[in-house]
Amino acid sequence: MRLPVGLRAALTGFTLLVLVVIYTPLLLVVLNSFNADRSFGWPPKKLTLHWWDVAAHSEGARAALWTSLQVAMFATVIALVLGTLAAMALRRTRFFGRNVVSLLIILPIALPGIVTGLALRNAFKTVLGLELSLLTIVIAHATFCIVTVFNNVQARFQRLGGNLEDASMDLGAGPFTTFRLVTLPMLRSALLAGGLLSFGLSFDEIVVTTFTASSQDQTLPIWIFQNLFRPNQAPVVNVVAAVLVVLSAIPIYLAQKLSGGTAKAMTGAR
Amino acid sequence: MPTAISVRGLSKHFDEVRAVDGLDLDIADGEFFSMLGPSGSGKTTVLRLLAGFEQPTSGRIQLGDDDVTDLPPYARDVNTVFQDYAIFPHLSVRQNVEYGLRVKKVPRGERRRRAEESLATVRLEGYGERRPHQLSGGQRQRVALARALVNRPKVLLLDEPLGALDLKLRREMQIELKEIQREVGITFVFVTHDQEEALTMSDRIAVFNEGRIEQLATPVELYEQPSSAFVAGFVGTSNLLEGAVARALLGADGPFVIRPEKVQLVAPADGPAPDATTCVAEGVVREVVYLGATTHSVVELDAGAILTVSHQNSDRSIDAALERRDQRVVLTWRRDHLVSLGGSDPDSPVNRAASPEEETA
């Protein structure tokens, strides 16, 4: 598409501005993790690896990271299984209230976290009589993680239709073989994308977690929030934040590369 | 001859719609059988019932000696070539072709050999390692065919497999499909809405209309002896003469059908006198359509009907034909070229017979 020179320059400038606004603060976080000054004086007078050393030995940070990883992993596994099954169930069968069910599955991601958190806390504690624990966080997170998997899988089904599975059955494969050899490979990149998104959602969730976690189970976001305003912990928080920036960039980059490749193969064959 | 498929009283209703309505059908072993009809006539539904993707509302389906009505698709000895080919995008061409053998646990060596054989049958030797998205439409069509043939099914079902190809490639594939069918000797059941395609390839053709078979016959019979105005109109171009017009020209109510190429168009001075073997009608040329190999003249008869006349453009110059517009002419045809439809349907509208031709143009 040809654009007038002036418009093109303006768009380029605007794009650069947006990128600068987004990424400068992140860059600052990373830089400040090496800043020797405890109160982050700018520009840094001296660089140090001291805070990284402290952070690496911080029991609280390590425990919180481990808790977060566990929660995100379990929530994602539950979301992958249930989200895929829900999408498959709603795909071929036409029944009364089908759209209502679809809406009910998607709704949790739109609900305010504070409402979800409060409702689940009440349900766990008073109705079910459950003690708040890692399990309750996982269940709470799974409610909205399912949505990302469900949406991705449903979109993939809509794009591919049902003929590939018909072809597989026609060639002599039963329902389970068909699922293993055709449906699952077809969904692979959609599951990967949905899973990564779900992992990310769970990993940085703080509102619902606040209501459904016991005081012993601290996820990383909660740990960061609680330590942010303690002067002697601030540099460590900064290091943890820097680590998270780098860690979250890697899977997103991989997901983009992977799904780009398979998406082409998927659509190119139609 | 033993039957490959035998269908009795087969019906499929979708809510209020009777997609297939009380169908009886026998298809012989080794036959190239076509199901021809407009969209929504039920032909694809019959194919899906045969494959097992749909459960019939009532009726039985027999494959060879076995009743397969209640069997799922994977337990029936039939294979399908889908309209959009349905090639597995995540598998190579060879893996696609081997799929049916793989799920039946055929040993790797034999699998490989039979896949190569099958790819050779469809002239795709050396394409085994390609990915589906690297193939053209025609090649994908061949892969779909090889993937079905490799299982040596009792019956091969083809759902408008040539619909997505361009005209030239489609004509080539028609001939090739027919050759392959003769070579492998498998019964082919071919669904199409293209009457020319059906005439080119089939041993027998069933013309479908509103969930029922209108006529089941060989291509020659179907074209020369259509049993209804619908068949006459759907298979080729035809002229329908009935009621007052038929009485005036032919001395009977009809309805009668006469094919455009069976009618001669001459100048009024050269017109013969009508006798026991020749019919004569006068009229005015309303339109002349040049079609390359042939020219169609649309003539409005004085008696009231409109007739299409076709003639070969065997002369280099066809200016004479083109200049005939709005001139008076005489049409003649042999009485034994008229096909009587038996007067079963006197209310059938005249125009209905000539319209479906567009679909195949």
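Being a predicted model, the structure only gives us computed values, none of them experimental. (Residues numbered from 1 in each chain as written. Chains lettered and ligands numbered in written order. Predicted model: local features only at pLDDT ≥ 70, side-chain atom pairs only at ≥ 80, totals over all residues.)

### Here's the deal with the overall build of chain A
- When helices and strands are counted, chain A shows 11 helices and zero strands.
- In chain A, the order of α-helices and β-strands from amino to carboxyl end is α-α-α-α-α-α-α-α-α-α-α.
- Buried residues in chain A amount to 35% of all 270 residues.
- The contacts of chain A with a sequence gap of at least 6 include a subset with a gap of at least 24, amounting to 76%. (Helix = DSSP H or I, 4+ residues; strand = E, 2+ residues; numbered from the N terminus. Buried ≥ 20, exposed ≤ 12 C-beta atoms within 10 Å, placed from the backbone. Contact = placed C-beta atoms within 7 Å.)

### Some words on the pairing of strand S10 (residues 212-217) of chain B
All names here are of chain B.
- Looking at chain direction, strand S9 (residues 204-209) and S10 are connected through five bridges and run antiparallel. Among the inter-strand pairings, alanine 206 is bridged to a residue of S10, identified as leucine 216.
- In this antiparallel pair of consecutive strands, S9 and S10, the connection spans two residues, and glutamate 210 shows a positive phi of 50°. (Pairing = 2+ DSSP bridges.)

### A word on the confidence of the model for chain B
- Taken residue by residue, chain B gives an average pLDDT of 84. The fraction at 70 or more is 92%.
- Counted against residues more than four places away or in other chains, residues 344-361 of chain B, with its pLDDT under 50, gives 30 contacts. (pLDDT = per-residue confidence, 0-100.)

### Digging into the sheet that holds strand S11 (residues 239-241) of chain B
Residue and element names in this part refer to chain B.
- On the basis of which strands lie adjacent, the open sheet formed by three strands has the order S11-S12-S18 and antiparallel pairing. Pairing within the sheet leaves two strands with one partner each, and these edge strands are S11 and strand S18 (339-340).
- Taken together, the three bridges between S11 and strand S12 (residues 256-258) define a ladder with antiparallel strand orientation. Considered in S12, the bridge of leucine 241 is made with phenylalanine 256.
- Sitting on the sheet, helix H9 (residues 243-250) touches S11 and S12, and the angle it makes with S11 is about 85°. (Axes fitted to C-alpha atoms, helices over the stretch in contact; angles between N-to-C directions.)

### A closer look at unusual backbone geometry
Residues and elements named next belong to chain B.
- For tyrosine 85, which is not glycine, the phi dihedral falls at a positive 75°.
- Note that tyrosine 85 resides in the loop between strand S6 (78-81) and helix H2 (93-103).
- Since 24 C-beta atoms lie within 10 Å of it, tyrosine 85 is described here as buried.
- Even without being glycine, arginine 123 reaches a positive phi, approximately 60°.
- Positionally, arginine 123 belongs in the loop between helix H3 (108-121) and helix H4 (137-149).
- Using a count of 12 C-beta atoms within 10 Å as the deciding quantity, one classes arginine 123 as exposed.

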